[in-house]
Amino acid sequence: MNEARLPKVWDEMMEKLIYMPAIVKTIEKIHDTNWSMNASKQDYYEMVYVKKGNAVFQVEGAEVNMVPHSVIIIKPQKSNKFVVKSENCELIVLYFMFKNRKNEGNSHVALTDFMEYVEDEANGDFLFLKLGRKNDIIHVMNRILRERVKYQVWGDFLSAVLVIELFVLLSRALKLEWEQSAKNRNLKLVELLNIAKEYIDNNYSQDLSLSQISKYIYLSDSYFAHSFKNKFGISPKSYILKVRIDAAKELLENTDMKVSDVAASVGFSSQQRFNDIFRKHENITPLKYRQICKKAKMNQEI
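This report concerns the structure included in the present document. Since the model is a prediction, treat every value here as computed from it, not as a measurement. (Residues numbered from 1 in each chain as written. Predicted model: local features only at pLDDT ≥ 70, side-chain atom pairs only at ≥ 80, totals over all residues. Heavy atoms only, no water.)

1. Let's talk about the pairing of strand β3 (residues 55-59)
Within β3, four of the five residues are buried, which leaves the element mostly enclosed by the surrounding structure. Bridge analysis of β3 against strand β4 (residues 62-66) gives five bridges, and the strand direction is antiparallel. Within β4, the residue paired with phenylalanine 57 across the bridge is valine 64. From the end of β3 to the start of β4, which pair antiparallel, there are two residues, and glutamate 60 there has a positive phi angle of about 50°. Pairing of β3 with strand β6 (residues 80-84) involves five bridges; the strand directions are antiparallel. Following the sheet pairing, phenylalanine 57 is matched in β6 by phenylalanine 82. (Buried < 20%, exposed > 50% of the residue type's maximum accessible area, 1.4 Å probe, protein only. Helix = DSSP H or I, 4+ residues; strand = E, 2+ residues; numbered from the N terminus. Pairing = 2+ DSSP bridges.)

Structure, rendered in structure tokens:
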């Protein structure tokens, strides 16, 4: 009875999937340092899991160091080869594609479309994961390998279920890795922006430019400007002017420096520009501000 129901259950489940992952072939192999290969391209996705040993994968000119319990997924038509770096290297290789259930054809749809992994990290020639020794992904890969080696009743059904489970696990692992990576990037970005703010506070009297500050923290001009405004609610250029005006107000209030000297000491190239910016910020001229401050002090002394 169960055997009669399984195909119907399977069909109902498959109807909900647009793209169905399908294993083309599986290989388990061991190589030593004497083994070599020429770079090649595959029509399918190639997923390689290193069980033991070390190797370097070269994918479209990029080198990826593979250690035990690491996985690389190479996209179709990407030139690749690997070089064994240890005495022995034991690998499990899965070649897979996506079946388009709408038109019954094969599809090289991006792996990210299937796994809902749409972040920038997935847009390159390959994906890389470092797994723990007892990770569920490794367990499922080994089960797929065993099922394809020996035929059993409902073996095809079980293999198909295992393939779906494998990609669900991969999706979760990739998303978790990206979230952690994004968190680390955000923490680093906050630190860099605080450094930039401190740099402005300490060097506002110099001829500061957006490019100079962004280079100081190794960010592009546009990305730095956008990130700075998001964090502090003010653009870097506006913040520089604010710091300069605040410093000028203190000098105007507490010293007898000429207005032109005040302008130069806080980083303005000319008194006229200083006057214009000061008026824009305070709605009065620097000279008027000084007069108001002096009058306020005299009233306090009476």
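2. Quick look at helix α9 (residues 271-282)
Here α9 is twelve residues long and its end C-alpha atoms lie 16 Å apart, about the 16 Å a rise of 1.5 Å per residue gives. Listed as buried for α9 are Phe274, Asn275, Ile277 and Phe278. (Expected span 1.5 Å × (residues − 1).)

3. Quick look at the packing of aromatic side chains
Aromatic ring pairs are defined here through the distance separating the ring centres and the angle between the ring planes. Under the defined criterion, the tally for this structure stands at ten aromatic pairs. Judged by centre distance (5.1 Å) and plane angle (5°), the ring pair of tyrosine 45 and phenylalanine 96 falls under stacked. Of the two residues, tyrosine 45 sits in strand β2 (residues 45-52) while phenylalanine 96 sits in strand β7 (residues 88-100), which places them 51 residues apart along the sequence. Summarising the burial analysis for this pair, tyrosine 45 and phenylalanine 96 share the class buried. Summarising the aromatic geometry, the rings of phenylalanine 228 and phenylalanine 232 are spaced 4.7 Å apart at their centres and angled 55° between planes, so their arrangement reads as tilted. One end of the pair is phenylalanine 228 and the other is phenylalanine 232, both in helix α6 (residues 221-232) and four residues apart, which spans about a single turn. In this structure phenylalanine 232 comes out as partly exposed when scored by relative accessible area, which is 25%. Of the aromatic side chains, those joined through ring pairs into one cluster are Phe224, Phe228, Phe232 and Tyr239. Above the plane of the ring of phenylalanine 232 lies lysine 197, whose end atom (NZ or CZ) is 5.8 Å from the centre. (Phe/Tyr/Trp six-rings, centres within 6.5 Å; stacked < 30°, edge-to-face > 60°. Lys NZ or Arg CZ within 6 Å of the ring centre and 35° of its normal.)

4. A word on the pairing of strand β9 (residues 126-130)
Alternating positions in β9 separate cleanly, Leu127 and Leu129 being buried on one face and Phe126, Phe128 and Lys130 remaining unburied on the opposite face. Both strand β5 (residues 70-74) and β9 contribute to a ladder of five bridges, which runs antiparallel. The residue bridging serine 70 from the neighbouring strand is lysine 130, located in β9.

5. Some thoughts on the sheet that holds β4
Taken in spatial order, the three strands make up an open sheet running β4-β3-β6, and their pairing is antiparallel. The two strands at the open ends of the sheet, each matched to only one other strand, are β4 and β6. For this sheet, the mean inter-axis angle between neighbouring strands, taken without regard to orientation, is 20°. (Axes fitted to C-alpha atoms, helices over the stretch in contact; angles between N-to-C directions.)

6. Some remarks on α6
Taking 1.5 Å of rise per residue, twelve residues should cover 16 Å, and α6 covers 16 Å from first to last C-alpha, within 8% of that figure. Of the residues making up α6, those classed as buried are Phe224, Ser227 and Phe228. When α6 is viewed along its axis, its buried side chains cluster within an angular range of 105° and face the same direction. Residues of α6 that are exposed and point over 90 degrees away from its buried face: Ser222 and Asn230. (Arc of directions from axis to C-beta.)

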